[in-house]
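# Remarks on the overall topology
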Amino acid sequence: VDGKAEMPEGQPPLEDDQISLIRQWIDQGAEWPQDLVLELPTWWSFAPLEKPAIPFVEDSQWVRNPVDDFVLATLQEKQLHPSAEADRSTQIRRLSYDLLGLPPSPEAVEQFVHDSRPEAYEQLVDRMLASPRYGERWGRHWLDVVHYGETHGYDKDKMRPHAWPYRDYVIRSFNADKPYTRFIHEQVAGDVLFPGSVDGIEALGFIAAGPWDHVGHAEVPETKIDGKVARHLDRDDMVRNTMMTFMSLTVGCAQCHDHKFDPITQEDYYSLQAVFAAIDRADHQYHDDPELTLRRQSLRKRGRTLQQRERKLKREIDASEKKLLAEKKKLEEIDAKGRDLQAVSSVSDLADRIAEKKQELSALATTLDGIRKDLAALPEPKIAYIGKVHYGGGTFIGRGYQGGRPRTIHVLNRGSVTTPGSEVGPGALECIEGPVARFEIHADAAEGERRRHLASWLTNAENPLPWRSLANRIWQFHFGRGLVDTPGDFGRMGAKPSHPELLDFL
């Protein structure tokens, strides 16, 4: 603040005349020579992921697995020595709190302390991993990462009575040792990749985990500025949560300007918003049996299509009947002077068309009544609060009645919905080498294709960040501190890894 901060970092502070020169340059517009390009080194987290060689260490008696090699190598570099091995009562307490979140019973401690078998510790680990408490403990860690809540937040903070299926899905996934790739796929695009499945539906609670503005959505239409702002902030939360959870990156800064520290552009940010452009947070009905779920979805989809036709027919009939009255009145005036056969024919044709449309409307009503009976005959559905195309009523109708077509997304000048710039399509971050960042999706494709592409991009083997992020979180939750001290920020404003080779090895 006083001009004496460390700049350059680790070097003597700038002199007063140097600071004055920089201020003068800024006042003059801070123009940068076009031919002067600074080639910054690739930040560690963006570098390709390569498996490092296991380091050679001298005190090999302490080493039991390759992780120990990396830890001991760094200790030896700093001329430090490993701590003494914890006694058995300490080991079981640490293990129990880490894996189960509960203290061991006195009987369990006594049994382990006196178990002289060489494999006693490994068997204790296996028993705890097999416990249902394991998923509950580690599910809580994950729910903290994704800022899961059972109320909406904001000023009204209404309850979410159907948020809990996502919580149970997470616990179930940890207990089942679900592959991480599938875990990501289900949470981003489970309805598309695993249609009708319980996990594929409940996992979408990830998209809906964050706060939701009840006033901005349910009480203000999307046509008004406040409604547009509410939906912009809703997508912003979906984007931030996805990137911070799976990539350990902060992308939210780029909604107003290109990220000042990481190579993330506004176009990148709004391309990610375009992925979620048709999605809202809402309750969803489903069944344990995927066939019943798909049957329910098919009936509801057919019903919505017929209801749209029904509404259109009613508008057409109303307009035609008004026109028919006008034609009849005109015909009465003509009849006073003499019969006009052409006018009579026109009135007759119009009456026939109205009759045909009323007949179609009656048939539609019969079909819709049958669909309602078929839906009522299905077993009572389960309900989960998820990210989905919403077909609700009132002012909060989502994109359902727009055929599920994604909203048009623009780059917003300084993040304001009142100053839209160029339109963008769905995509991700250009700074990640390897996976294609701009998704090639046909304009008529269902909205789920956007999320399917994002799920594939996130789990691409050439995308190094999801794997580094997860390895760091696992280390953090076992040992209390990550190999990277900022588990939610692997960018330039975050910390560097204390053991980069170990992190990449993991």
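Overview of the structure. If you're wondering where the values come from, they're calculated on a predicted model, not measured in any experiment.

Counting buried positions over the seven residues of strand E1 (residues 280-286) gives five, a clear majority of the element. The pairing of E1 with strand E2 (residues 382-388) spans seven bridges and is antiparallel. Bridge pairing in E2 places Ala282 opposite Ile386.

Mapped onto the elements, Asn472 comes out in helix H16 (residues 465-479). Classification of Asn472 as buried rests on a relative accessible area of 0%.

Further remarks concern the side chain of Ser173. Tracing the sequence through the fold places Ser173 in helix H7 (residues 164-175). Exposure remark for Ser173: the relative accessible area of 3% places this residue in the buried category.

What follows deals with the pattern of salt bridges. Under the definition given, this model contains 33 salt bridges. Note that Lys373 and Asp369 form a salt bridge whose closest N and O atoms lie 3.4 Å from each other. Taken together, the residues Lys373 and Asp369, both in helix H14 (residues 341-377) and four residues apart, mark about one turn of the helix. The structure contains a network of salt bridges with shared partners spanning Arg172, Lys178, Arg182, Glu186, Asp199, Glu202, Asp288 and Lys382.

Looking now at a nonpolar patch on the surface. Together, Ile22, Trp25, Ile26 and Trp32 make up an exposed nonpolar region whose accessible area comes to about 400 Å². Within the secondary structure, Ile26 is located in helix H1 (residues 16-27).

In this section: the environment of His287. Within the secondary structure, His287 sits in the loop between E1 and helix H13 (290-335). Judged by its relative accessible area of 4%, His287 is buried. Remark: the alpha-carbon pair of His287 and Ala455, spanning 168 residues in sequence, is separated by 24 Å. Not counting the four nearest positions on each side in its chain, His287 is found in contact with Val198, Leu292, Thr293, Arg296, Leu378, Pro379, Glu380 and Pro381.

Looking now at helix H2 (residues 66-77). If you check H2, its first and last C-alpha atoms are 17 Å apart, about what twelve residues at 1.5 Å a residue would give, namely 16 Å. Regarding H2, the residues found buried are Asp68, Asp69, Phe70, Leu72, Ala73 and Thr74. Buried residues belonging to H2 abut helix H17 (500-505). The opening residue of H2, the one whose side-chain oxygen lies 3.0 Å from the backbone nitrogen of Val67, is Asn65. Immediately downstream of H2, the backbone of Gln79 shows phi near 55°, a positive value.

Those residues of helix H5 (residues 120-130) that fall on the buried side of the exposure criterion are Ala120, Leu124, Val125 and Met128. One face of H5 carries all of its buried residues, which in axial projection span an arc of 140°. Structurally, H5 contributes buried residues whose contacts are with helix H3 (88-100), helix H4 (106-113) and helix H6 (132-145).

Next up on the list: empty space enclosed by the protein. Under the definition given, this model contains one cavity of 30 Å³ or more. Approximately 40 Å³ is the volume found for the largest cavity. In terms of lining residues, the largest cavity is bounded by Tyr148, Gly149, Arg160, Ala163, Tyr166, Gly205, Ala208, Ala209 and Tyr385. Here the residues of the lining of the largest cavity are counted per class, giving six nonpolar, two polar and one charged.

Another aspect to go through is the packing of helix H11 (residues 225-247) against helix H12 (residues 266-275). When two helices pack together, their arrangement is given by the angle between their axes and by how far apart the axes lie. Where H11 meets H12, the axes come as close as 9 Å, and the angle between the chain directions of the two elements is 105°. Between H11 and H12, the interaxial angle falls into the category roughly perpendicular. Judged by residue contacts, His232, Arg235, Asp236, Val239 and Met243 of H11 engage Tyr269, Tyr270, Leu272 and Gln273 from H12. Within the contact of H11 with H12, the residues separate by chemical class into five nonpolar, two polar and two charged.

Definitions and cut-offs
- Residues numbered from 1 in each chain as written.
- Predicted model: local features only at pLDDT ≥ 70, side-chain atom pairs only at ≥ 80, totals over all residues.
- Heavy atoms only, no water.
- Buried < 20%, exposed > 50% of the residue type's maximum accessible area, 1.4 Å probe, protein only.
- Helix = DSSP H or I, 4+ residues; strand = E, 2+ residues; numbered from the N terminus.
- Pairing = 2+ DSSP bridges.
- Salt bridge = Lys/Arg side-chain N within 4 Å of Asp/Glu carboxyl O.
- Patch = residues over 30% accessible without salt bridge, like charges linked within 9 Å, V, L, I, M, F, W, Y side chains within 5 Å.
- Areas by Shrake-Rupley, 256 points an atom, 1.4 Å probe, with all protein chains shown as cover.
- Contact = heavy atoms within 4.5 Å.
- Expected span 1.5 Å × (residues − 1).
- Polar contact = N/O pair within 3.5 Å; in protein donor to acceptor, adjacent residues only side chain to side chain.
- Arc of directions from axis to C-beta.
- 1 Å grid on protein atoms, 1.4 Å probe; cavity = no way out; pocket = protein on both sides within 12 Å on 5 of 7 lines; lining within 4 Å.
- Points joined across faces, edges and corners; volume = space filled by probe spheres on them.
- Nonpolar A, V, L, I, M, F, W, Y, C, P; charged D, E, K, R; others polar.
- Axes fitted to C-alpha atoms, helices over the stretch in contact; angles between N-to-C directions.
- Parallel < 35°, antiparallel > 145°, perpendicular 65-115°, else oblique.

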